[in-house]
Amino acid sequence: MAVLLATKGHAQAAWRDALLACDPGLDIRLWPDAGDPAAIEAVVMWGTHDLADLARYPALRLVVSMGAGVDHLLRPPGTPKGVPVARLKDVLLTSAMSEWVLLNVLRFHRQDPAYRAQQAAAIWHELPAPATAARRIGVLGLGELGQDAAGKLAALGFPVAGWSRLPKTIPGIACHHGAEGFDAILRQSDMLVCLLPLTPETRGILDAGAFARMPRGAFLLNAARGGHVVQPDLLAALDSGHLAGAALDVTDPEPLPPDHPLWRHPGIVLTPHAASITIPASVAPQVVDNLRRAREGQPLLNLVDFSRGY
Ligand code: NAP
Ligand code: GLV
């Protein structure tokens, strides 16, 4: 089974080495040197690769996303019909995301922006101590990432609520779902963490209407996709003081153009889509396992459900 690694730069070598370390017998082709297109049966790729290229491989029977998100594979023209798409689920991917969430929740909770401003002005002044038990946190998305982050926030003593598509019961987390649940979680979130997949239902979900339903002085954290947030609405909510701050790991577009207002807004903390970066050596065993399953006609792992979009 020939596998095409459809990525470029140093990541290509890291992925090749990690996959070969798990299965030295793999026939790995490095984009753009696919060789005979008819030999390619699996493509491992990220959103920067042209989806139209997949139509060149008539024997394709598996597409693997190099990350947890798959919106980049489902956008038009999509992957070839009938070819399954697998996402990644990985303990390091999950824990890195929770670290980003904890970093930024604690940054805002412990008034770090205000203390940094005081330091710049050499002001020695204690601000009122924040109460952890009074800082309500809402987590949008209770999947691989959301559940881990929610659990770690709850372990710190924050009251945590979560929101998913289908009803859930998670000890220590107040679970909401559906349209009513969305309203409820917005109204009670002093900090709102977005860890949703980007789908037609969730695109633009964090808009002026959503921000207006959040408590005055609330914070937004988005490490899911830039398309979840209507960015002009976020800037307006920050400028009006309704929202007190935002931490964004993802934007639309990416990379963010140098003159984009998100870069320099004093209420925004930005990271360049770096909250949780896939480590090839960590995910290679599951990718190789899926390649073997595809070869042997066994059930595949971590498959994307095209009807729900994640
Ligand atoms: P996941 O396991 O698929 O979980 C998605 C969660 O979102 C599920 O709980 C799902 O509900 C919920 N959801 C989906 N559509 C919904 C809707 N319309 N209404 C309410 N809830 C909805 O995804 P994941 O692994 O946690 O990853 C989430 C996203 O994080 C990825 O899709 C990706 O975009 C992003 N991500 C970003 C980075 C980064 O570095 N910034 C890294 C990795 C991933 P159900 O449980 O009911 O299905
Ligand atoms: C990164 O954004 C991922 O989806 O894994």
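Heads up: these notes are all about the structure in this document. (Residues numbered from 1 in each chain as written. Chains lettered and ligands numbered in written order. Predicted model: local features only at pLDDT ≥ 70, side-chain atom pairs only at ≥ 80, totals over all residues. Heavy atoms only, no water.)

**Description of unusual backbone geometry**
Logical step 1: Cis geometry marks the peptide bond from Asp252 to Pro253, where omega comes out at 10 degrees.
Logical step 2: Topologically, Pro253 is positioned in the loop between β11 (243–248) and α9 (261–264).
Logical step 3: Omega for the peptide link from Glu254 to Pro255 comes to -10 degrees, which places this bond in the cis form.
Logical step 4: By secondary structure assignment, the location of Pro255 is in the loop between β11 and α9.
Logical step 5: The phi angle at Ala122 is positive, at roughly 50 degrees, despite the residue not being glycine. (Helix = DSSP H or I, 4+ residues; strand = E, 2+ residues; numbered from the N terminus.)

**Considering the site of ligand 2**
Logical step 1: Around ligand 2, the structure places Trp46, Gly67, Ala68, Gly69, Arg225 and His273.
Logical step 2: In the environment of ligand 2, an oxygen atom lies 2.8 Å from a nitrogen or oxygen atom belonging to the side chain of Arg225.
Logical step 3: Here an oxygen atom of ligand 2 and a side-chain polar atom of His273 are 2.6 Å apart.
Logical step 4: Here ligand 2, which alone exposes 190 Å², has 86% of that area covered by the protein.
Logical step 5: Residues belonging to the shell around ligand 2 are distributed by class as follows: two nonpolar, three polar and one charged. (Near = heavy atom within 4 Å. Polar contact = N/O pair within 3.5 Å; in protein donor to acceptor, adjacent residues only side chain to side chain. Areas by Shrake-Rupley, 256 points an atom, 1.4 Å probe, with all protein chains shown as cover. Nonpolar A, V, L, I, M, F, W, Y, C, P; charged D, E, K, R; others polar.)

**Focus: the environment of Thr278**
Logical step 1: Examined against the element boundaries, Thr278 turns out to sit in the loop between β12 (268–270) and α10 (280–296).
Logical step 2: Classification of Thr278 by relative accessible area gives buried; the value is 16%.
Logical step 3: In this structure, the C-alpha to C-alpha distance between Thr278 and Ala120, residues 158 residues apart in sequence, is 36 Å.
Logical step 4: The contact partners of Thr278, leaving out residues within four places of it in the chain, are Trp15, Met66, Gly67, Leu88, Leu93 and Val283.
Logical step 5: Here Met66 takes part through its backbone oxygen, which lies 2.7 Å from a polar atom of the side chain of Thr278. (Buried < 20%, exposed > 50% of the residue type's maximum accessible area, 1.4 Å probe, protein only. Contact = heavy atoms within 4.5 Å.)

By themselves, these figures tell us nothing about what the structure is for.
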